[in-house]
Amino acid sequence: MGTRLEASPKELFLTFPYDALLVGALVTCLGCVALVLTQRWHARWSIDGSHGVQKFHTHPTPRVAGIAIVLGLFTSSWFLSADVKAVLMPMLWASLPAFVFGFVEDLTKKVGVRERLLATIASGILAWWFTGISLDRVNVWGLDALLTWMPVSVLFTAFAIGGVANAVNIIDGFNGLAAGVVMICLAALGVCAHRVGDPTLMVVCMVLVSVIAGFWLVNFPLGKIFLGDGGAYLIGFCLGWIAVLLPMRNPGISPWASLLACAYPILEVLFSILRRHRRKLTIKS
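Computed from a prediction, not measured in an experiment: that's the story for all the values here.

(A) A look at the overall build of the protein chain. When its secondary structure is counted, the protein chain shows 14 helices and two strands. Taking all 285 residues of the protein chain together, 51% fall into the buried category. Partitioning the intrachain contacts of the protein chain with sequence separation of at least 6 by distance along the chain shows that 73% fall at a separation of at least 24. A total of about 14500 Å² of accessible surface is found on the protein chain, and carbon and sulfur atoms cover 71% of it.

The following block contains the structure:
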């Protein structure tokens with residue numbers, strides 16, 4: 001990608017797209033508030049009931065905040081420079097299969113886990129199709145040799161992104177948890193991008209953080225609206241794609257840095273699998 005110079009704090013302050021961040025957060029927040037205030041009109045499709053083993057809320061709550069997040073992201077893009085749009089827009093268009101399948105599940109409760117997983121993988125393939133970017137190294141002997149073959153590289157990238165998206169959806173259980181974790185992960189990736197002289201990717205990270213923050217203000221602590229599968233898959237996909245872009249745009253960054261930034265949701269899923277496996281062994285014995 002060439003050599004880039006790290007912007008000074010003064011340059012960063014003067015050129016930062018504050019309007020895009022503010023508008024994105026405001027549109028998302030107002031969209032979530034509107035969904036809450038009008039829930040009696042769309043409750044038949046959008047409400048998450050309070051009955052169930054994994055339900056912590058006591059009142060039926062809308063679970064369609066993903067639509068407000070999509071609106072906030074596309075609105076904020078109007079205020080961004082061409083180089084930032086060139087990174088953000090392919091990601092948004094590629095995220096649509098993951099978002100749509102999750103959103104349809106929010107409305108109908110009839111989309112299976114397998115279909116949603118395949119949709120997130122399809123989004124990862126679309127991201128490669130739009131940009132030509134996929135993981136060609138993970139600094140693991142043997143695997144890097146396989147990743148030089150394009151089909152393996154694309155599929156590995158798509159599965160990795162799908163894994164992150166599904167991990168975010170799995171940790172979405174408490175008010176503010178999934179959104180807060182993703183904001184922290186994106187902020188960490190944004191700091192890394194800034195440190196290696198990639199201000200474009202840093203701005204994309206901050207736009208995502210601001211838009212998610214608009215939802216978080218309505219979700220935490222009172223839980224007036226939930227991400228739903230559509231919202232969780234959307235922000236999870238964006239996190240996964242940014243984690244791919246960072247080392248691929250900046251050869252000086254190890255892919256393991258991205259993995260470390262996304263460690264919590266991934267580890268939580270692994271521990272969940274381990275707990276279920278141990279529970280099954282205990283029941284059998």
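(B) A look at helix 12 (residues 228-249). Taking 1.5 Å of rise per residue, the 22 residues of helix 12 would be expected to cover 32 Å, and the 31 Å separating its terminal C-alpha atoms lies within 8% of that figure. Taking burial as the measure, the 22 residues of helix 12 include 22 buried ones, the bulk of the element.

(C) Region of the structure containing the pattern of salt bridges. This model, assessed by the stated rule, comprises four salt bridges. Between R63 and D229 there is a salt bridge whose closest N-O contact spans 3.6 Å. You can see R63 sitting in the loop between strand 2 (61-62) and helix 4 (66-76) and its partner D229 sitting in helix 12, a full 166 residues away along the chain. In this structure, the salt-bridge partner of R249 is D198, at a minimum N-O distance of 2.8 Å. Taken together, the positions of R249 in helix 12 and D198 in the loop between helix 10 (177-195) and helix 11 (199-219) put the pair 51 residues apart, joining distant regions of the chain. One salt-bridge network, held together by shared partners, links R63, D106, R116 and D229.

(D) Structural context of unusual backbone geometry. Of note, the amide linkage connecting F220 to P221 takes the cis form, showing an omega dihedral of 5 degrees. Inspection of the secondary structure puts P221 in the loop between helix 11 and helix 12. Phi at K109 takes a positive value of approximately 60 degrees, unusual for a residue other than glycine.

(E) Geometry of the packing of aromatic side chains. Under the defined criterion, the tally for this structure stands at five aromatic pairs. An angle of 20 degrees between the planes, with centres 5.1 Å apart, marks the rings of W216 and F220 as stacked. On the basis of relative accessibility, which here comes to 38%, the residue F220 falls in the partly exposed class.

(F) Expanded view of the environment of A243. Of note, A243 is situated in helix 12. Residues A243 and G190, 53 residues apart in the sequence, show an inter-C-alpha distance of 10.0 Å. Contacts of A243, omitting those with residues within four sequence positions, involve L189, S258 and C262.

(G) Quick peek at a nonpolar patch on the surface. Residues L267, L270, F271, I273 and L274 make up a contiguous nonpolar surface patch of about 470 Å² in total accessible area. Turning to its location among the elements, L267 is positioned in helix 14 (residues 263-284). When its relative accessible area of 42% is taken as the criterion, L267 is described as partly exposed.

(H) Fine view of the nonpolar core. Membership of the largest hydrophobic core comes to 69 residues, with the highest contact counts inside it found for M91, L239 and I242. Those elements that provide at least two residues to this core are helix 2 (18-37), helix 4, helix 5 (82-94), helix 6 (96-108), helix 9 (150-171), helix 10, helix 11 and helix 12. Here this core takes 13 residues from helix 12, the largest share from any one element.

(I) Inspection of the environment of L96 at higher detail. Counting through the fold element by element, L96 comes out in helix 6. Looking at L96, the relative accessible area reads 27%, which means it is partly exposed. Along the primary structure L96 and S123 are separated by 27 residues, whereas in three dimensions their C-alpha atoms are 7.1 Å apart.

(J) Geometry of the packing of helix 6 against helix 7 (residues 113-131). Taken N-terminus to C-terminus, the directions of helix 6 and helix 7 make an angle of 160 degrees; their axes are 7 Å apart at the nearest point. One element, helix 6, and the other, helix 7, form an angle in the roughly antiparallel class. Crossing of helix 6 over helix 7 shows right-handed handedness. Seen from helix 6, the contacting residues are L96, P97, A98, F101, G102 and E105; seen from helix 7, they are E115, R116, A119, T120, S123 and L126. Grouping the amino acids of the contact of helix 6 with helix 7 by side-chain chemistry returns six nonpolar, three polar and three charged.

Cut-offs and rules
- Residues numbered from 1 in each chain as written.
- Predicted model: local features only at pLDDT ≥ 70, side-chain atom pairs only at ≥ 80, totals over all residues.
- Heavy atoms only, no water.
- Helix = DSSP H or I, 4+ residues; strand = E, 2+ residues; numbered from the N terminus.
- Buried < 20%, exposed > 50% of the residue type's maximum accessible area, 1.4 Å probe, protein only.
- Contact = heavy atoms within 4.5 Å.
- Areas by Shrake-Rupley, 256 points an atom, 1.4 Å probe, with all protein chains shown as cover.
- Expected span 1.5 Å × (residues − 1).
- Salt bridge = Lys/Arg side-chain N within 4 Å of Asp/Glu carboxyl O.
- Phe/Tyr/Trp six-rings, centres within 6.5 Å; stacked < 30°, edge-to-face > 60°.
- Patch = residues over 30% accessible without salt bridge, like charges linked within 9 Å, V, L, I, M, F, W, Y side chains within 5 Å.
- Core = buried A, V, L, I, M, F, W, Y, C linked by side-chain atoms within 4.5 Å.
- Axes fitted to C-alpha atoms, helices over the stretch in contact; angles between N-to-C directions.
- Parallel < 35°, antiparallel > 145°, perpendicular 65-115°, else oblique.
- Left-handed = near helix turned anticlockwise from the far one by under 90°.
- Nonpolar A, V, L, I, M, F, W, Y, C, P; charged D, E, K, R; others polar.

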